Amino acid sequence: MRIGLNLLYLIPGITAGTRTYGVSLIRALAAMDDSNEYYVFLNKEGASLNLSLPGNFHLIVCNFRGRCRPLRYAWEQIVLPFQLRALKTDVVHSLGYVGPLMSPCPSVVTIHDVNFIALRSNMTILRRSSLRFFSTRSGLRSAHVITISNFSKTEIVRALGLEPAKISVTYLGPKEWAFENEAVPWEKLKRSYFIREPYIVAFGGSARHKNTARLIEAYGSLEEKTRHQLVIIGRLHPDINIRAVMERWGLAGNLIVTGHVPEEHILPLLRHARLFVLPSLYEGFGLPLLEAQQAGVPIVSSSAAALPEVGGAGAFYFDPTSINELTNALYRGLTDESLRSQLIQRGKENLGRFSWKKTAQATLKIYEDVCRAFS
């Protein structure tokens, strides 16, 4: 087969979960398939990715910048079909919600979730409308749709009106850490972020659905806060006034917001934590759960969206809209030693359900089935 992989959406440093999906899937396909030819379409920014692919993978850098979405959509709909025809591709897989509507070959599209509906306030009207338009029509016109959880499949069927039989779920895999051994000594790393142990760790984010405001409020009312720092990896939503929050809850010295963190620092920051908390209101999958389970840290997690489906028995769940439930979950995760041991063990067991090799195998079978149906 001659397989086109549409990564025109991918912008290093901007796209997050969909970047992990695209890069990890391609690397897993490269590790297991040396018989098919792959053509990977990237924008100018995407060309900077260090994919290190074998000879049957061909990178095609398109002459536009991905940050300009209108230009990306125009290229995807007008130019990409001609490129696919010239290369005589048998199937094209668009990995980021949107595919060419006039593809000369059968099309597969990955629609990760319906965040353009569920998270309306996170996007401008123009971006939300265009993403909904192109995702819906890409799904309707494609030969097959891939999504990343049963939760997302249900949402896509309900919101976009696609037939369930047309949609396959391929779970994501745990992160393939490039830095198993800590490149920076822990004591030095800890000092650089002003961390003292023990501490609770969470990921931040500039979107409201990450729910960090409620997490900080729950932590502020926690008796254990005097002994445990709260370390938030990344940034906070711009509406959160960090100085006012610290004054209100008396968190000076106890709340650490790291800002941007190099990838090699994430695993040790997770590994040395007393507890990992994921308070999000909406996730199509929830890769941080697998990252925390890899690190061997107990997890308390929101019960929203796909998170229980992914975390399995390896997390203690709470209602993310309830400050009381979140506070109680934090307290139990810090103080209940029997629960903590169970969560660590069950987390390790849960990881066995996920791997990028399984994702790649299932995806390759979809390509084969689609090509067979159209041959």
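An account of the accompanying structure is given in this report.

Calculation rules
The residue count restarts for each chain, going from 1 along the sequence in the order it is written. Local features in a predicted model are, by the rule used here, given only for residues with pLDDT of at least 70; side-chain atom pairs are given and counted only at 80 or more, and totals for whole chains, interfaces and linings are based on all residues. As a convention, hydrogens and water are excluded, and side-chain values are obtained from all of the structure's heavy atoms. DSSP bridges decide pairing: two strands pair if at least two such bridges lie between them. The way it works is that DSSP assigns letters per residue, a run of H or I at least four long becomes a helix, a run of E at least two long becomes a strand, and they are numbered from the N terminus. Here the axes come from fitting lines to C-alpha atoms, over the contacting stretch only for helices, and the angles between their N-to-C directions go from 0 to 180 degrees. Here a residue-residue contact requires only that any non-hydrogen atoms of the pair lie within 4.5 Å.

Observations regarding the sheet that holds strand 3 (residues 57–61)
Part 1: Reading across from one edge, 3-2-1-4-5-6-7 is the order of the 7 strands in this open sheet, with parallel pairing throughout. The open sheet terminates on both sides in strands that have one partner only, identified here as strand 3 and strand 7 (167–169). Neighbouring strand axes in the sheet, compared pairwise and without regard to direction, differ in orientation by 20° on average.
Part 2: As paired elements, strand 2 (residues 37–42) and strand 3 share 5 bridges and run parallel to each other. Note that in strand 3 the partner of Tyr39 across the bridge is His58.
Part 3: Across the sheet, helix 5 (residues 150–160) lies against strand 6 (144–147) and strand 7, angled at about 160° from strand 7, the strand it touches most.
Part 4: Set on the sheet, helix 14 (residues 356–374) makes contact with strand 1 (2–7), strand 2, strand 4 (91–94), strand 5 (107–110), strand 6 and strand 7; between it and strand 4 the angle comes to about 140°.

Quick look at the sheet that holds strand 11 (residues 275–278)
Part 1: Spatially, 10-9-8-11-12-13 is the arrangement adopted by the 6 strands of the open sheet, whose pairing is parallel. Of all strands in the sheet, those with a lone pairing partner are strand 10 (255–257) and strand 13 (316–318), marking the two edges. The average undirected angle you get between the axes of adjacent strands in this sheet is 20°.
Part 2: Sheet topology places strand 12 (residues 299–302) next to strand 13; 3 bridges connect them, and they run parallel. Following the sheet pairing, Ser302 is matched in strand 13 by Phe318.
Part 3: This element, helix 7 (residues 212–220), spans strand 8 (199–203), strand 9 (229–233), strand 10 and strand 11 of the sheet and lies at about 170° to strand 9.

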